[in-house]
Every structure is written in C-alpha cells, then in structure tokens.
Amino acid sequence: MAESKEPSMERRFFAFIVMAVGVLMLFNFWQAQNAPPPRKLAKPAGVEEKEEAAAPAENELPATVEAPADEPPAVEAEPPAELQYLTLGSVDRSSAYRMLVTVTNAGAGVRRVELANPQFRDLHDRSGYLGHLELVDDPAGGARARIVGDGTPAFKAGLRAGDVVTAIALPNTQAPTPIAKPADLRQALAGTKPRDEVRLTIRRDGAEQQLDAATLTRRPLEVIRPEIENILLYSTKRPEGYVDHPSFVVQLQSVDALKADDPAVKAANEALATGNWQVEAATPSSVGFRQRLPALGLEVVKRYQLKEVPAAELSNEDFPAYDFQLDCEVRNLNAQPRKVVYHLRGPNGLPIEGWWYATKVSRGWGSAGLRDVLVRFPNQGTTEQGAAYIADGDIEVLGASGAGGEPLGTLYAGVDAQYFASMILPVAPDIESELFKEVQPEVVGQKLAERWPQTYTNVSFRMVRTPLELQAAGQPGDTVTDKLQVFNGPKRPSLLNQYQAANNPSYTLGDILTYGWFGPVAKLMLAILHAFYAVVHNYGIAIIMLTVLVRGLMFPLSRKQAINMAKMQELKPEIDRIAEKYKNDVEKRTKAQQELFRKHSYNPMGGCLMMFIQLPIFIGLYRSLMVDVELRDAPLISHAIRWCSNLAAPDMLYDWSWIMPEFINNGIGFFGLGPYLNILPLITVALFLVQQKMFMPPPANEQAAMQMKIMQYMMVFMGLLFYKVASGLCLYFIASSLWGMAERKLLPKPKPADANLMEGGTSGGQDRKGGGPSNPFGSDKPKPGASPNGTAKNATTRRDRSDSKRRSKR
C-alpha cells in the first residue's frame, strides 16, 4: 500500500492560523479600499475659491442679461459689530423648549445645540456640568461669562452674562479656589461629578458677591458643538492652526456675471462666513442677524425662531419641537434688477460618541462613518455619502432631474450620526418646488491626519439655491426670503415620522433610519424589548426576558439538536474506522459515511439548525442596539456606577488607559481594544469554552484532538473580535449560554452504544429492526429474543413467534 502523503496535524493547524489571519487582513483591506464607482467630484472645503468659476450651467446668465456696471450705486456701509453670543430656549426639562441653542453673530451661525431631555446625556464627560459659558479673560482678573444658558445650574444659581467668576468653592474643600483665567475654572470643574454643589464668587458691576449653591448635573447631549471638542476625545492635542466653523453659514455663488472668484464676491463671502453680523431684536426664542455687502449692493438677513411646546404637550416626548425655523433673506439695495445664487452650508460638529467602539449601519456595502451626509429628492430613496468617501475626495454632487430634464428641489438634507441627526427641510408648497437644486458634500475644516480613521471626519454639505431674480430696490420682488425647518434631535421613529417634506406624508425623516440586513427581525426585537421594558423598566432585564422567550420557543429544536449530538457520539467510533479504512479514497469514504448516516437516521447538519435560526435574531438584536436611541445610555443597574451603564456600549469595567499603550487605547484595528477593560466579553467566551468542554465528546484520535484545539483557539479569536460589542449583546449571549447548559443538564444523558451494532452498519452484520440505533434518551435494553450483543438468532426468533401464536390462540 502506498504511504499516505497527507500533511500532519501540526501543519494543518499552522495553515489554518495563517489562513484565518490572512482572511482578516484581506477583510480589513477591503473595508478600507471599498470605494464606490467614480463619481462627479464636488469642490471640498478649503479649496481655493477660484475653483468656483466652473459653476453649473444653470448659474450662467442668459445672453439677454447684462452684467452690472463696474461701479454700482454706492450703498452705505454699517459700522463693524462686536462679537456676541446669544442663547435661545432652555435645558430646563419643565420649560417650553426641547433644546438650548447657542448662536453667534460671527457668521450668524449656530455654535451649539443642547437637548433638554434628561434621557439624552453626554456619554464621555462624567464631570459635573455647570453650563457652557463661553468664558473669556477679564482685564481685571477672572473668567468673564459671555453667555449663561437658561436652565443650566449656573443660571439657577444666579450667574448672568457679563459676570466675572473670581473663585469657586468645591465640595470637601476648606477654602474657595481662586479663578484667574478661564482655564482655572475648567480645571476646577473637571474634578467634580454630577450632584456636587459648588458656590461661585463673582464680580458684577465692580462689586464682588457670592451666588447661591449650584447643583451640578450630567452634561447634556449636544447634537451640534464645536468640532474641537470631538477631536480632543481621541487626540491628546489640538491640531495646529485649527479653526472652528459654525453651522448654517450662507455664502454667495454668483451675483449677476460675477462668480465666486471675483474679488468683490470673495470679500463678501469672507464677511458672510467669519464677519460679525449686526444683531437685530432678540427674544428668548428668536434672534435676527443682518450683514450688508456695500460692494455688491446686497443685504443678507438670517433669523432663527425656536419652536415652543404647548403646555398641554409638555409630557409628550414625541411632540415635534426638536427644530427651529431658519429664514434666509436676500435683499437688493441697487436700482437695477439682480440675479443671485447662494448656498447654505449645513450643520457640522455632530457627536462622535463611542468613537473607539461605535459602528454605524450603512445603507450600502461600504462602511459608514460616525457622521454621514443624507439627502433625498422627489421619487428617490434617501442617498448616503459616507464620511470616509468624502474625506478621500470621492464626493458626488447630489441632484435630481424630472422627466423633462428640469432640476428637482431637495426635499431634505442633513448630517446623520448614530443616534442623532441634524436635517434641513426647505419649507415649500409642494415637492415639485425647485428651491435648492443640488447638494455638495464637503469636509469642514482640516482633513484628519492619516493615523486617524477617516470615518471620524467632520463632514457637512452645501445646499445650492436656484437663482434668485431680485427686482430693483424699492420695487415689489426686491427681497426673497427662504424658510427652512431645521431638525436637531434623536432618531426616534415616532418623532421623525412627524417631520414631512412639503407636508407630504410620503417623504418623512423616518426614512433616515436604516437597520441594514434583517431589518424586519431588528424591528421585531425592538418591539418585544420595548414591551418588556414597559413592564420591568429595565432594558437589561428586558434583554434577559427576550433571551428566555427565544430559547423557550426554540426548545423543541434544541432538544432535537441534543439528540442529534448524542447520535453523533454513538457513531463517532465507526466514523473514525471508516476514515481510517478509506483514508486514501475520499469518494469511498464519503459514500460509506453517507450510508452510515442513512442507516441510523443521522443528519450531520442537524447541529447547525439552531445556529442558522439564531443568526437573524443575533443580527437583529445587534442592529437594534446600534440604531435604537432608547437603548443608548440604558443602564443594566444604574447610572450611579460606570460599569455597564450603557447597554449599547461595552461594559467598561475599568479604565486601563494609564497602563496600556496607545495602539490599544485608541481602538483602531484588530488589537485596538480601547481604553477600558470589558469583562462581559470575557465571560461570554469562557461560557462558550465551558459548553464546548461539557458537550463535545472526548477526542478519539489525534485529528479530533487537533480539531478541538482549533475550536478553542477560534473561541479566543472570536473573543478579540467581539471585545468591543455592546454589553447588551453580551448579556444576551451569557443568558443564552446559561439556558443551554441548564437545558442539557436537565435532559436525560445518552446511554453508551453497542459496538457490534456499529459494526453491523457497514461490515455486513445485521442491524436492529428499523436500521437505527437505540434512542439515546430511552432504554437500550435488548429486545426479547435478541442475544446480549444485539444479534438476532433466526431459529430462536422463529420458535418464539410460534410459541407466541399458540399462546394467543389459547
């Protein structure tokens, strides 16, 4: 007989490890390089404005329109305005507002949007929150507050805009801490925690006084905030030359024949983006800004109006008040008609919470960023532009055309984060209105260094307005005002569905939610979880109840799987003998094994049935934790302890960042485990190993031993892959594993099989009646008339039958 040339077990194991690592590396490379087909490229932010000369053909002036005179009629310039910050709304839960909005006259933009609902708090900053005060150095010493938001602890303690903080009394300290500059106050507050009481000493109108005690709270979730605060979450230092950009800035694309590269238009755009606008009348819920452009004979006005909640709807969490109205007005100050095209920059600075573990569901095959641009046009689905694609310059100018080639207006556009979104809906009479014809995604600010994932990129977009035909100053039509509804809130389906484009129920913000594969299963899981939560008021217990429900419904299948595994243990010796007998003939070996399985009614795929059934449930729960804002920040026990305080995130038992190297702490790559020790994934893997040891038969040969060893290494490999998954998902796995172990312990154990019976299956011996082994959960006693080894004797069997017939006749 020829000597077998099969490789040794060690070589097979080594080849398996090499292949597994290779597959993982190829998958990571595919994710990084999986770019969509080439697209029409838009101009990224920061590119020299002279590129604007290549404007779309729609912006070109008709031949009949003449360019304005080189020296248009003089328009009186306004005196320069001082930098100001103002707030709209409140973070007080009992107020008539759902948010506190900080605006600035620098660019007339939005700097910060804080949500008032205590359900939505910052996940990373666990220090005490006094309020965002926009502090600045005071010449006489101290930190001067430029704003004090309504409902903040500082506001409730009596602090007002213009006050200078000179000292702060911290808990467990004998003397107040002096405050000489803003950094001192920030450093003092960094050591506090929610529910601490502090007392501020201030200087107001030249006199010092002490304010009432301020009870600190958790920091509210900010849908929009200065991007530098996001950058400092994952980077230890501020990028050189970094400049923050406010949201919702207006700039000009063309004025008559003048394009964006014209010096007059460039100067106007700089004034519009970074100049200080004049502040019109301001109220607690509204403010207006005005910027005059004398060189162009234009005036641009922006107004913000925050929506209020009626008293009868204060307890209604789904009342649609997570928005404000933005009016953009362009006024002609010249005696000649004008044709103006402007664009509105979208929101930026949305949260990147959980940057080291978060995974956002993508609408396509590529991976989504932590913030992506979403756009929708009539008769089209929602279009997504991923942050990584935008950062790489692979930007698609998004637009739509009707049947006749005419441009269709944008229904909505915005930036989508994992659990929150900021979306702009132009207020139009119908979906056919052509207010904003295209959307150009862009990177806001500097592009990230190569060492950081480009999914962290701060992205936004430009909404390009169709040309405005302005009549001469003083004539009807010399001013055009566009109204836009700006949503800034949680991605809660019942809330999003109330925001409709052009009041058309077919186009709602509910379409920005996506669950990816197995979406119906994810929605079913959420419905069950929410129903359980309504009873127990704890999503951790609700997940355990869901596990019990799923495993209970699948008990018949799991019992059948246990029986199938018991049969496998009985047949294992014979399978090994077949493998040895036909080790050089794969075809005969496969045929013999199939014959053995057929004779004993064994389905080798029966053990996989449970896995295939549970796979959609596993993915559905995984997607639920990734998408549903109700599960975000839901604690297993309480928010009072850090461990497992957010079921949609890793459990974070211990902060080991002070001893771990940076490549582990940053959460990037396969070995980027993040800055925390997570215990639940380790428990999950340990239970998998215990199950494997309890229920798998002992290895009968070298090959089986090697297979078991490979399975153990695979469990460790899976532990690394799932180290950063949501603690809620680990909780499901732990509960399911404990259920499975208890289930196997309670079921009767299989009895040892008869060796001669196994031989009879393939070597000519006679099998038991029915061609199968004894029931592993029943009796294995020999049938009457059978010899102890299970072989029936023909003569004895015939005599027994005759005796039985005679007895029955009597």
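Quick caveat: nothing in here was measured; it's all calculated off a predicted structure.

### With respect to the pairing of strand E27 (residues 479-490)
Argument step 1. Where strand E17 (residues 323-332) meets E27, 9 bridges bridge the pair, whose relative direction is antiparallel. Bridge pairing links Val330 to Val480 in E27.

### Things to note about the packing of helix H9 (residues 539-553) against helix H16 (residues 727-746)
Argument step 1. Contact pair H9 / H16: the axes reach a minimum separation of 9 Å and the direction vectors enclose 40°. Here H9 lies oblique to H16, going by the angle between them. Between H9 and H16 the crossing geometry is right-handed. Contacts between H9 and H16 involve Gly540, Ile543, Ile544, Thr547, Val548, Val550, Arg551 and Gly552 on the former and, on the latter, Gly728, Leu731, Tyr732, Ala735, Ser736, Trp739, Gly740 and Glu743.
Argument step 2. Tallied by class, residues from the contact of H9 with H16 come to 8 nonpolar, 6 polar and 2 charged.

### Quick word on the pattern of salt bridges
Argument step 1. In the structure shown here, the tally under the stated rule is 42 salt bridges.
Argument step 2. Its salt-bridge partner being Arg112, residue Glu222 comes within 2.4 Å of it at the nearest N-O pair. Highlighted residues: Glu222 in strand E11 (residues 222-224) and Arg112 in strand E3 (residues 109-115), separated in sequence by 110 residues. As far as the burial class goes, Glu222 and Arg112 line up, both buried.
Argument step 3. Across the salt bridge formed by Arg462 and Glu442, the nearest N and O atoms sit 2.9 Å from each other. Here the residue Arg462 occupies a position in strand E25 (residues 459-465), and Glu442 occupies one in strand E24 (residues 436-443), the gap between them amounting to 20 residues.
Argument step 4. Judged by relative accessible area, Arg462 falls into the buried class, the value being 4%.
Argument step 5. Among the residues examined, Glu442 registers a relative accessible area of 1% and is labelled buried.

### Let's talk about the packing of aromatic side chains
Argument step 1. Per the stated rule, a full pass over the model turns up 19 aromatic pairs.
Argument step 2. Measuring from ring centre to ring centre gives 5.9 Å for Phe248 and Phe324, while their planes differ by 90°; the resulting arrangement is edge-to-face. Highlighted residues: Phe248 in the loop between helix H4 (227-234) and strand E12 (250-255) and Phe324 in strand E17, separated in sequence by 76 residues. Pair check on accessibility: Phe248 and Phe324 agree, each one buried.
Argument step 3. On the numbers, 4.0 Å between centres and 10° between planes, the contact of Tyr533 with Tyr539 is stacked.
Argument step 4. Its relative accessible area of 30% is what places Tyr533 among the partly exposed residues.
Argument step 5. Following the ring pairs from residue to residue traces out a cluster consisting of Phe618, Tyr622, Phe688, Phe722, Tyr732 and Phe733.
Argument step 6. The positively charged end of Arg160 is found above the aromatic ring belonging to Phe155, 4.3 Å away from the centroid.

### Looking at the nonpolar core
Argument step 1. In this structure, Val101, Phe248, Leu252, Tyr304, Phe324, Leu326 and Leu509 are the most contacted members of the largest nonpolar core, which totals 122 residues.
Argument step 2. If we ignore the near neighbours within four places in the chain, the residues touching Leu326 are Phe248, Lys302, Arg303, Tyr304, Leu344, Asp482, Lys483, Leu484 and Val486.
Argument step 3. Residues Ala143, Ile179, Val198 and Leu216 belong to the second largest nonpolar core, which totals 22 residues.

### Quick look at the layout of surface pockets
Argument step 1. There is about 1,200 Å³ of room inside the second largest pocket.
Argument step 2. Along the wall of the second largest pocket there are 31 residues; nearest its centre are Arg112, His132, Arg186, Arg219 and Glu229.
Argument step 3. Contributions of two or more residues to the lining of the second largest pocket are made by E3, helix H3 (182-190) and H4.
Argument step 4. Of the residues belonging to the lining of the second largest pocket, the class tally is 14 nonpolar, 5 polar and 12 charged.

### Details of the packing of helix H14 (residues 680-695) against H16
Argument step 1. At their nearest, the axes of H14 and H16 sit 9 Å apart, and the two run at 20° to each other. Relative to H16, the element H14 lies roughly parallel. Crossing angle aside, the handedness with which H14 passes H16 is left-handed. The residues of H16 that touch H14, namely those facing Leu680, Pro681, Ile683, Thr684, Leu687, Phe688, Val690, Gln691, Met694 and Phe695, are Ser727, Cys730, Phe733, Ile734, Ser737, Leu738, Gly740, Met741, Arg744 and Lys745.
Argument step 2. Looking at the contact of H14 with H16 residue by residue, the classes come out as 13 nonpolar, 5 polar and 2 charged.

### Remarks on unusual backbone geometry
Excluding glycine, a negative phi dihedral is what most residues carry, and trans is how most peptide bonds are arranged.
Argument step 1. Unusually for a residue other than glycine, Cys644 sits at a positive phi of about 55°.
Argument step 2. Inspection of the secondary structure assignment puts Cys644 in the loop between helix H12 (609-627) and strand E28 (654-655).
Argument step 3. A positive phi is found at Met652, a non-glycine position, where the angle reads about 55°.
Argument step 4. According to the relative accessible area criterion, Met652 is buried, its value standing at 6%.

### Side note on the sheet that holds E11
Argument step 1. Reading across the sheet, the 4 strands line up as E1-E2-E3-E11 and stay open at both edges, with antiparallel pairing between neighbours. Strand pairing shows two members of the sheet lacking a second neighbour, strand E1 (85-89) and E11, which therefore form its edges. Across the sheet, the mean angle separating the axes of adjacent strands is 20° when strand polarity is ignored.
Argument step 2. Looking at chain direction, E1 and strand E2 (residues 99-104) are connected through 5 bridges and run antiparallel. Residue pairing across strands places Tyr85 opposite Thr104, the latter belonging to E2.

### A word on H4
Argument step 1. Considered for burial, the residues of H4 that qualify are Glu227, Ile228, Asn230, Ile231 and Tyr234. Along the axis of H4, the buried positions cluster into a sector of 155°, meaning they face one direction only.

### Points about a nonpolar patch on the surface
Argument step 1. A surface patch of nonpolar side chains, amounting to about 460 Å² of accessible area, comprises Leu653, Tyr654, Trp658 and Ile659.
Argument step 2. Position of Trp658 among the secondary structure elements: in the loop between E28 and helix H13 (662-665).
Argument step 3. Judged by its relative accessible area of 63%, Trp658 is exposed.

### Remarks on the sheet that holds strand E19 (residues 372-376)
What holds strands together in a sheet is hydrogen bonding between their backbones, with the strands either parallel or antiparallel.
Argument step 1. If you walk across this open sheet you meet the 9 strands as E14-E15-E16-E17-E27-E23-E22-E19-E20, and the pairing is antiparallel. Two strands in the sheet have a free side with no partner beyond their single neighbour: strand E14 (278-279) and strand E20 (383-385).
Argument step 2. Packing of helix H5 (residues 263-274) onto the sheet brings it into contact with strand E15 (286-293) and strand E16 (298-306), and relative to E15 it is tilted by some 160°.

### Details of the pairing of E12
Argument step 1. Taken across its 6 residues, E12 has 6 buried, putting it largely inside the fold.
Argument step 2. One ladder, built from 5 bridges, connects E12 with strand E18 (residues 338-345); its direction is antiparallel. Its bridge partner lying in E18, Val255 is registered against Val340.
Argument step 3. Here 2 bridges tie E12 to strand E13 (residues 258-259), and the two strands are oriented antiparallel to one another. Its bridge partner lying in E13, Val255 is registered against Leu258.
Argument step 4. Connecting E12 to the antiparallel partner E13 that follows it, the hairpin turn spans 2 residues, and Asp256 within it adopts a positive phi of roughly 55°.

### Focus: the side chain of Arg225
Argument step 1. You can see Arg225 is positioned in the loop between E11 and H4.
Argument step 2. Residue classification places Arg225 among the buried positions, given a relative accessible area of 8%.
Argument step 3. Those residues within four positions of Arg225 in sequence are excluded, and the remaining contacts are Arg111, Arg112, Asp122, Arg219, Asn230, Leu233, Asn348 and Gly349.

### Focus: the environment of Ile179
Argument step 1. When you line up the elements, Ile179 lands in the loop between strand E7 (177-178) and H3.
Argument step 2. According to the relative accessible area criterion, Ile179 is buried, its value standing at 4%.
Argument step 3. A C-alpha to C-alpha distance of 6.7 Å links Ile179 and Val165, two positions 14 residues apart in sequence.
Argument step 4. Those residues within four positions of Ile179 in sequence are excluded, and the remaining contacts are Gly142, Ala143, Val165, Thr166, Ala167, Ile168, Asp184 and Leu185.

### Notes on the side chain of Asp196
Argument step 1. Inspection of the secondary structure assignment puts Asp196 in the loop between H3 and strand E8 (197-204).
Argument step 2. Leaving out residues up to four positions away in the same chain, Asp196 has contacts with Pro171, Ala214, Thr215 and Leu216.

Definitions and limits used
- Residues numbered from 1 in each chain as written.
- Predicted model: local features only at pLDDT ≥ 70, side-chain atom pairs only at ≥ 80, totals over all residues.
- Heavy atoms only, no water.
- Pairing = 2+ DSSP bridges.
- Helix = DSSP H or I, 4+ residues; strand = E, 2+ residues; numbered from the N terminus.
- Axes fitted to C-alpha atoms, helices over the stretch in contact; angles between N-to-C directions.
- Parallel < 35°, antiparallel > 145°, perpendicular 65-115°, else oblique.
- Left-handed = near helix turned anticlockwise from the far one by under 90°.
- Contact = heavy atoms within 4.5 Å.
- Nonpolar A, V, L, I, M, F, W, Y, C, P; charged D, E, K, R; others polar.
- Salt bridge = Lys/Arg side-chain N within 4 Å of Asp/Glu carboxyl O.
- Buried < 20%, exposed > 50% of the residue type's maximum accessible area, 1.4 Å probe, protein only.
- Phe/Tyr/Trp six-rings, centres within 6.5 Å; stacked < 30°, edge-to-face > 60°.
- Lys NZ or Arg CZ within 6 Å of the ring centre and 35° of its normal.
- Core = buried A, V, L, I, M, F, W, Y, C linked by side-chain atoms within 4.5 Å.
- 1 Å grid on protein atoms, 1.4 Å probe; cavity = no way out; pocket = protein on both sides within 12 Å on 5 of 7 lines; lining within 4 Å.
- Points joined across faces, edges and corners; volume = space filled by probe spheres on them.
- Arc of directions from axis to C-beta.
- Patch = residues over 30% accessible without salt bridge, like charges linked within 9 Å, V, L, I, M, F, W, Y side chains within 5 Å.
- Areas by Shrake-Rupley, 256 points an atom, 1.4 Å probe, with all protein chains shown as cover.

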